[in-house]
Amino acid sequence: MENYLVVSLILVWSFSLQRSYAAAESDLHFKLSSGEEISCVPIYEQPSLKSLVHLKIPKSIPSKKSAEEQSTQVIPDEKEIKLAEQTFKSEVGTCPEGMIPILRNQPPIRRTRGGFRQGVDSSHGDFQHTFTVNTSEADPANLHATATHEYALVSTGGGLYRGAKGFFNVWKPYVELPSEFSLSQLWIAAGSSAENNVNTIEVGWQVYNNNYKDDFPHLFVLWTRDGYKSTGCYNLRCPGFVQISQSVVVGGSLASAVSQTDGPQYELQVIVFWDRGTDAWWLNANREFIGYWPNSLFTALKGGATVVQWGGEIINSETGSRHTQTDMGSGEFAEAGWQKAAYIRSLQTVTSTPEQVFVNVPLATSTVSSTKDKCYSAQIFQDSSSGAWRTYLYFGGPGYSTACPT
């Protein structure tokens, strides 16, 4: 009888511990109003720190003060421009100390070969931005052979850059097919396709159903060092980007932070810069350090970027032998302007001098281009009044129309 009681007590105690552990675990999983499922996981369980054991969290990060000073500006009308907070941050807040929020059930997805974009500055070669299916990973970015990428952007080159900056207003563009996307982003690049060493760091927002299983804009990061052929991926889906933020979901939605036509504008504020002390390319978004790309990931980018670009990109699958109806930006052309078109303001690059200061992108060394200007357009300007917008870009368009049939 005594043995029976002891065993019974042990079973009850064990069951209680399991229930407590399960309750603690459930406290780290969240279902958001956007439909996303987010888990708080130990920081060392992310791919870059789990798979690349030589990588460590730096003992110190770059000065937050200097980055915040660069990203804080006098906004012309604060009532009409708001910070684009993520759904996780507004509904949950933050993960416990030593943990980061990640999207659940995210398969690997890489950018590889397919359609391509020719670089606008011959000094840095041609950059290929393309996708294909990788059957070993059931890659949801599978596109048929006729799918191409189209752009409306501004490019600056002719120097060596250690970083860049841009403030992006966020929209929810119509995307015709789940396999197509629409995005607004910053490219930091070096290398050439001829030498198979195109290196890029890319950050922005993106609507891409096949990637995120919804039609909301999402914060994303991307990298490659061989022109998307075999290296790099989105977000945390492969070793590469190392997240340190407890409150920002890399790949998470901005579902409640969408700009309105003739109404409030929501901004995603992005700074990427190389830090000598940690030998890493750091991402600061919305005045918070999100994480970094170790410089050891790269080849051509180790010494700095040779070109920086800002703008929009879409996939055109040419369904029914016509141009896609996928919107770029808000779906309005650049000419629509404030509170109608998509914009990226405060375009700046980081000099390669020892001081590494932010400087405004000059119009004289900037090239504006669009793949099909009857489908999507871009215009660049410079703020000559208060300087709050510095150099800025309007871009976008509706895609298919009588003027843009294919």
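Residues numbered from 1 in each chain as written. Predicted model: local features only at pLDDT ≥ 70, side-chain atom pairs only at ≥ 80, totals over all residues. Heavy atoms only, no water.

Caption draft 1: Highlighting the overall build of the chain. For the chain, the helix and strand inventory stands at 5 helices and 18 strands. Across the 406 residues that make up the chain, the buried fraction comes to 55%. Sequence-distant contacts in the chain: of pairs separated by 6 or more residues, those separated by 24 or more amount to 73%. Surface summary for the chain: the accessible area is close to 17000 Å², and the carbon and sulfur share equals 54%. (Helix = DSSP H or I, 4+ residues; strand = E, 2+ residues; numbered from the N terminus. Buried < 20%, exposed > 50% of the residue type's maximum accessible area, 1.4 Å probe, protein only. Contact = heavy atoms within 4.5 Å. Areas by Shrake-Rupley, 256 points an atom, 1.4 Å probe, with all protein chains shown as cover.)

Caption draft 2: Structural context of the environment of Ala-189. For Ala-189, the location among the structural elements is in strand S6 (residues 182-190). In this structure Ala-189 comes out as buried when scored by relative accessible area, which is 4%. Sequence separation of Ala-189 and Gly-304 is 115 residues, and the distance between their C-alpha atoms is 8.4 Å.

Caption draft 3: Representation of the state of the cysteines in the model. Tallying each qualifying case throughout the model produces 3 disulfides. A sulfur-sulfur distance of 2.1 Å marks the disulfide that ties Cys-233 to Cys-238. Around the S-S axis, the bridge from Cys-233 to Cys-238 shows a dihedral of about -95 degrees and counts as left-handed. As far as burial versus exposure is concerned, Cys-233 and Cys-238 are alike and both buried. (Disulfide = S-S within 2.5 Å.)

Caption draft 4: Spotlight on the nonpolar core. With 69 residues, the main nonpolar core has Val-272, Trp-293 and Trp-310 as its most contacted residues. Counting residues per element, this core draws most heavily on strand S10 (residues 265-275), at 7 residues. Core analysis: the second largest hydrophobic core is formed by 19 residues, Met-99, Phe-181, Leu-222 and Ile-315 among them. (Core = buried A, V, L, I, M, F, W, Y, C linked by side-chain atoms within 4.5 Å.)

Caption draft 5: Expanded view of the sheet that holds strand S2 (residues 37-42). Read from one edge to the other, the open sheet built from 3 strands follows the order S1-S2-S4, with strand pairing classed as antiparallel. The open sheet terminates on both sides in strands that have one partner only, identified here as strand S1 (29-31) and strand S4 (99-103). Recorded for the sheet is a direction-independent mean angle of 25 degrees between the axes of neighbouring strands. Of the pairings in the sheet, the one linking S1 to S2 comprises 3 bridges and is antiparallel in character. Following the sheet pairing, Phe-30 is matched in S2 by Ile-38. (Pairing = 2+ DSSP bridges. Axes fitted to C-alpha atoms, helices over the stretch in contact; angles between N-to-C directions.)

Caption draft 6: Region of the structure containing unusual backbone geometry. The phi torsion at Asn-286 lies on the positive side, around 50 degrees, for a residue other than glycine. Locating Asn-286 in the fold gives a position in the loop between strand S11 (280-285) and strand S12 (288-294).

Caption draft 7: Region of interest: the pattern of salt bridges. Evaluated as defined, the whole model comprises 6 salt bridges. A salt bridge links Lys-89 to Glu-288; the nearest nitrogen and oxygen atoms lie 3.1 Å apart. Here Lys-89, found in helix H4 (residues 87-91), pairs with Glu-288, found in strand S12; they are 199 residues apart in sequence, far enough to count as distant. Judged by its relative accessible area of 30%, Lys-89 is partly exposed. Classification of Glu-288 as buried rests on a relative accessible area of 19%. (Salt bridge = Lys/Arg side-chain N within 4 Å of Asp/Glu carboxyl O.)

Caption draft 8: The packing of aromatic side chains, seen in detail. The final tally for this structure, using the stated rule, is 18 aromatic pairs. Between Trp-282 and Phe-289, the aromatic rings sit 5.7 Å apart at their centres with planes inclined by 90 degrees, giving edge-to-face as the arrangement. The exposure class of Phe-289 is buried, given its relative accessible area of 4%. Taken together, the ring pairs connect Trp-338, Tyr-343, Phe-381, Trp-389, Tyr-392 and Tyr-394 into an aromatic cluster. Above the plane of the ring of Phe-358 lies Lys-165, whose end atom (NZ or CZ) is 5.8 Å from the centre. When the ring centre of Tyr-400 is taken as reference, the NZ or CZ atom of Arg-322 above it lies at 5.3 Å. (Phe/Tyr/Trp six-rings, centres within 6.5 Å; stacked < 30°, edge-to-face > 60°. Lys NZ or Arg CZ within 6 Å of the ring centre and 35° of its normal.)

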